[in-house]
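Residue-level listing of the chains:
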Amino acid sequence: MSWSHVIGAYDLLDTPAADGAAVAEYLRAHGASAAEIAVETVTGEQGSTDFVRVTVPGVEGATAGGTAPTLGIIGRLGGLGARPEQIGFVSDGDGALTTVAAAAKLLDMRRRGDVLPGDVVLATHIDPDAPTRPHDPVPFMSSVVDQHVSNEHEVLAGMDAILSVDTTKGNRVCNHHGIAITPTVVDGWIVRVPESLLDVVSRTTGRPPVVMPLTMQDITPYGNGVYHVNSILQPSTATTAPVVGVAIVTETAVAGSATGATDLGSVETAVRFVIETAKDFGRGIARFVDADEVGRLRELYGSMSHLRGTATAHAG
């Protein structure tokens, strides 16, 4: 279980003083070395945010010269808070909360001797006073940096697959309380939901798995003038590796800027899901994509990689 890590991470992040340095100190207390943590402050037009990344090496992972695959776990969000407009931790912060708690749990597991086969790289950003913006049916949190900037700091070439964790409550298309996963997105293709990840959802929730629907619009870059359910699949615009969204969802539409809306039970479930997926992925049990099937799609219908670029760039 990861309850102590979820509660500890929530207490760490639920403050106007939350920053990358505090998160790094928290992770070092759980056993991360200085070399395993990267913190970088990035300034945008509306303020600054701290990107935090931690690598938890596996016994057979790339950092050890091994061949076990590397899993990326990315916490997507606009911000942890919308201060001064809102007081306290906002719903939108759940992706970062999940990622920080999962990192602490993985580090504690390593310290106790439960080391995963493959490397796990966890990344998110820490901003306690992000802006908001209008969105239908409920207001969105915005961010002080654009999505492509987040991708530059969070999506690494060495990631063989990515789980993108994001609060996905501001919609009426997934009316479920807990977590849901998306179909795999790979280089512009939305392909089948991985059966092995459905297995992980079932064992971590004890319920039938729920799948978050996607549209073609959702896997195109932000800023192109079309509707996106949220930023959950934006990492897929920056990589050819397969990406699966882990959506923290609710039965009613809840604004990302709402306070008092974080359900720690749902977050703890998300933490267990990403850790169990990391175990199975490193051992070759979990597969995000059928490479042969994707190859057949490309052979029949051509490349869809242009969807990872802007409409302007494609037209040119």
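Residues numbered from 1 in each chain as written. Predicted model: local features only at pLDDT ≥ 70, side-chain atom pairs only at ≥ 80, totals over all residues. Heavy atoms only, no water.

Notes on the overall build of the chain
Next up, step 1: Within the chain one finds 8 helices and 11 strands.
Next up, step 2: Its C-alpha atoms give the chain principal-axis dimensions of about 55 × 45 × 40 Å.
Next up, step 3: In the chain, buried positions account for 58% of the 316 residues.
Next up, step 4: Excluding contacts between residues fewer than 6 apart, the proportion of contacts in the chain whose partners are at least 24 apart in sequence is 78%.
Next up, step 5: Counting every atom, the chain has about 12700 Å² of accessible surface; 51% of that belongs to carbon and sulfur.
Next up, step 6: Here the chain contributes 21 positive and 36 negative side-chain charges, whose respective centroids are spaced 5 Å apart. (Helix = DSSP H or I, 4+ residues; strand = E, 2+ residues; numbered from the N terminus. Buried < 20%, exposed > 50% of the residue type's maximum accessible area, 1.4 Å probe, protein only. Contact = heavy atoms within 4.5 Å. Areas by Shrake-Rupley, 256 points an atom, 1.4 Å probe, with all protein chains shown as cover. Lys, Arg positive; Asp, Glu negative; His and termini not counted. Charge placed at Lys NZ, Arg CZ, Asp CG, Glu CD.)

Some details on unusual backbone geometry
Next up, step 1: The omega torsion across Arg83 and Pro84 is 5°, close enough to zero to call that bond cis.
Next up, step 2: One can find Pro84 in the loop between β3 (71-76) and α3 (94-112).
Next up, step 3: With a phi angle near 50°, Asp187 is a residue other than glycine that sits in the positive phi range.
Next up, step 4: By secondary structure assignment, the location of Asp187 is in the loop between β9 (185-186) and β10 (189-190).
Next up, step 5: Overall, Asp187 belongs to the buried group, its relative accessible area being 11%.

Observations concerning the pairing of strand β4 (residues 120-126)
Consecutive side chains along a regular strand alternate between the two faces of the sheet.
Next up, step 1: Counting buried residues in β4 gives 7 out of 7 residues, a clear majority hidden from the surface.
Next up, step 2: The two faces of β4 match: Val120, Leu122, Thr124 and Ile126 on one face and Val121, Ala123 and His125 on the other face are all buried.
Next up, step 3: Summarising the sheet, strand β2 (residues 47-56) and β4 pair through 7 bridges and their orientation is antiparallel. Each bridged residue has a counterpart across the sheet, and for Arg53 the counterpart in β4 is Ala123. (Pairing = 2+ DSSP bridges.)

Re the pattern of salt bridges
Next up, step 1: Within the structure shown, the criterion is met by 13 salt bridges.
Next up, step 2: Note that Glu195 and Arg192 form a salt bridge whose closest N and O atoms lie 3.3 Å from each other.
Next up, step 3: Residue classification places Glu195 among the partly exposed positions, given a relative accessible area of 46%.
Next up, step 4: Among the salt bridges present, the one from Glu276 reaches Lys279, with a minimum N-O distance of 2.7 Å. One end of the pair is Glu276 and the other is Lys279, both in helix α6 (residues 264-282) and 3 residues apart, which spans about a single turn.
Next up, step 5: Classification of Glu276 by relative accessible area gives buried; the value is 18%.
Next up, step 6: Of the residues examined, Lys279 reaches a relative accessible area of 26% and is grouped as partly exposed.
Next up, step 7: Connected via shared salt-bridge partners are Arg203, Glu276, Lys279, Asp280 and Arg283. (Salt bridge = Lys/Arg side-chain N within 4 Å of Asp/Glu carboxyl O.)

Quick look at helix α7 (residues 291-301)
Next up, step 1: Put simply, Asp290 is the residue that caps the front of α7, since its side-chain oxygen is 3.0 Å from the backbone nitrogen of Asp292.
Next up, step 2: Downstream of α7 by a residue or two, Gly302 has a phi angle that is positive, lying close to 85°. (Polar contact = N/O pair within 3.5 Å; in protein donor to acceptor, adjacent residues only side chain to side chain.)

Focus: the packing of helix α1 (residues 3-13) against α3
Next up, step 1: Between α1 and α3, whose axes approach to 9 Å, the crossing angle comes to 130°. If you check the angle between α1 and α3, you find them oblique. Our pair here, α1 against α3, has a crossing hand that is right-handed. Each of His5, Val6, Ala9, Tyr10, Leu12 and Leu13 in α1 lies in contact with α3, whose residues at this interface are Ala96, Leu97, Val100, Ala101, Ala104, Lys105 and Asp108.
Next up, step 2: When grouped by side-chain class, the residues that make up the contact of α1 with α3 number 10 nonpolar, 1 polar and 2 charged. (Axes fitted to C-alpha atoms, helices over the stretch in contact; angles between N-to-C directions. Parallel < 35°, antiparallel > 145°, perpendicular 65-115°, else oblique. Left-handed = near helix turned anticlockwise from the far one by under 90°. Nonpolar A, V, L, I, M, F, W, Y, C, P; charged D, E, K, R; others polar.)

So, the packing of aromatic side chains
Next up, step 1: On inspection of all chains with the given rule, the structure shows 2 aromatic pairs.
Next up, step 2: Summarising the aromatic geometry, the rings of Tyr10 and Phe89 are spaced 5.1 Å apart at their centres and angled 55° between planes, so their arrangement reads as tilted. Taken as a pair, Tyr10 in helix α1 and Phe89 in the loop between β3 and α3 lie far apart in primary sequence, 79 residues in all.
Next up, step 3: For the ring pair Phe281 and Phe288, a centre distance of 5.3 Å and an interplane angle of 70° mean the geometry is edge-to-face. Judged on exposure class, the residue Phe281 and its partner Phe288 are both buried. (Phe/Tyr/Trp six-rings, centres within 6.5 Å; stacked < 30°, edge-to-face > 60°.)

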